[in-house]
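# Architecture at a glance
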Amino acid sequence: MAASGFEGFEKRIELQFFGHDPLFTGSMGLRNLDFECLEEILHAVQCTVVSAVANRHFDAYVLSESSLFVYPTKIIIKTCGTTQLLKSVRPLVHLARDRLGLTVRMCRYTRGSFIFPKAQPSPHTSFEEEVIFLEENLPSRLCFRKACVMPSNVSSHSWHVFTACDVDDDDGSSHHHELGEDRSDALYTVEVCMTELDRASARKFFRRGAGNDEKYSGDSAGREMTGLTGIGDINPRALICDFGFDPCGYSMNGIDGDRYSTIHVTPEEGFSYASYECVGSIYDDQHEISRVLKKVAQVFRPGTMSVATTCASHEVWRRVAKALELVGLKCRSCSADKFPAAGTVVFQTFTTTRRK
Ligand SMILES: C[S@+](CC[C@H](N)C(=O)[O-])C[C@H]1O[C@@H](n2cnc3c(N)ncnc32)[C@H](O)[C@@H]1O
């Protein structure tokens, strides 16, 4: 941990692949990578697996620093602290190609603004360094590239986005459906970053029976926090894999069919932070994302909440703004930009209207 405090803001990378050879890939694709390979990649990033769960669609891992999701043709890694996430890119691209015959077709890297930027090691010392590192470590065939820092009126919450892909499809839709998920153009991602958590809410992420009770594991602490805080009610259909750190901190992955959700909490006063992320489809019940985000805001009662929605074809961000205004958050800024393959990213920042 940095001398000053733990860096909650995560770095997130998503790589999408395509493959033609069923002999290599089967329908499991990247899920065929053995656990030792994944561990080796995570070792380079400087984190480890603490818990895992899977269903017939994908594998979800809780990491010592956030989460990893492995789908047949898509991998998402999200890490916080001083991890070196981008060091995973080159080994992943090579392993997928050499062991599974999968070719990378899209890369999306996103993050908020670090609370302790000076504590970040290379290649994360600045967004410029991260972009240069990505440019150098991605195959040249991903030639449609864009990097941008999306601003906010709350200067501590800006949004960094880099995307690269092999086809400039303009609307962000997929042209590779040989293996795995179809209709990926209907999916959207919602990435939420929250700071200045309400003190009473943050306290629930400190372990109750901390210290020497051996029976009180990270798993039981996590389960207790999921119940106590109301996180378990955000999506009651989801199977939850949770972990409570010692003496404080919490991570969870929720799996619901082919959809994941994930929450990570750094509850320490002075640098408190929580994140929520989920994936949805424009064909879902329109009220679902509003209901979910209202619950998230009520669990953490943050002073500032930023929400980045990434979607090929739909205006999900309007639902986000409406929902959060109903629970006392006011939209202070909104910016939008188009990215090759990813579609439109809309970045909104909200602050509380209640008195602290
Ligand atoms: C890994 S968790 C959640 C990660 C998430 N990205 C976040 O910070 O919001 C981070 C919290 O757990 C605490 N923590 C305790 N032990 C930890 C460990 N071994 N590795 C990482 N974090 C730990 C940190 O102080 C922090 O409060």
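The shown structure was predicted, so the numbers you read here are calculated from the model rather than taken from an experiment. (Residues numbered from 1 in each chain as written. Predicted model: local features only at pLDDT ≥ 70, side-chain atom pairs only at ≥ 80, totals over all residues.)

### Focus on the UniProt feature "active site" (unreviewed entry) in the protein chain
As recorded in UniProt, the feature "active site" (unreviewed entry) lies at Ser-66, Cys-80, Ser-251 and His-264. Their sequence span is 199 residues, while the largest C-alpha to C-alpha distance among them is just 11.2 Å; these annotated residues converge on one region. Note that Ser-66 resides in strand β4 (residues 66-70). Taking the C-beta count within 10 Å as the criterion, Ser-66 has 26 such neighbours and is therefore assigned buried. Residue contacts for Ser-66: discarding those within four places in its chain leaves Glu-10, Lys-78, Thr-79, Cys-80, Ser-251 and His-264. For Ser-251, the position within the fold is in strand β11 (residues 250-256). (UniProt positions renumbered as here; feature names shortened; annotations may be inferred. Helix = DSSP H or I, 4+ residues; strand = E, 2+ residues; numbered from the N terminus. Buried ≥ 20, exposed ≤ 12 C-beta atoms within 10 Å, placed from the backbone. Contact = placed C-beta atoms within 7 Å.)

### A short note on unusual backbone geometry
Following Ser-122, the chain continues to Pro-123 via a peptide bond in cis, the omega torsion being 5°. Among the structural elements, Pro-123 can be located in the loop between β6 (102-111) and α4 (127-137). Cis geometry marks the peptide bond from Asp-246 to Pro-247; its omega dihedral reads 5°. Within the secondary structure, Pro-247 is located in the loop between β10 (239-244) and β11. Notably, Arg-301 is not glycine yet its phi reads approximately 40°, a positive angle. Mapped onto the elements, Arg-301 comes out in the loop between α7 (288-300) and β14 (304-311). Assessed through the 21 C-beta atoms surrounding it within 10 Å, Arg-301 is described here as buried. We note that Ala-341 has phi near 75°; this positive angle belongs to a residue other than glycine. Inspection of the secondary structure assignment puts Ala-341 in the loop between β15 (329-339) and β16 (343-352).

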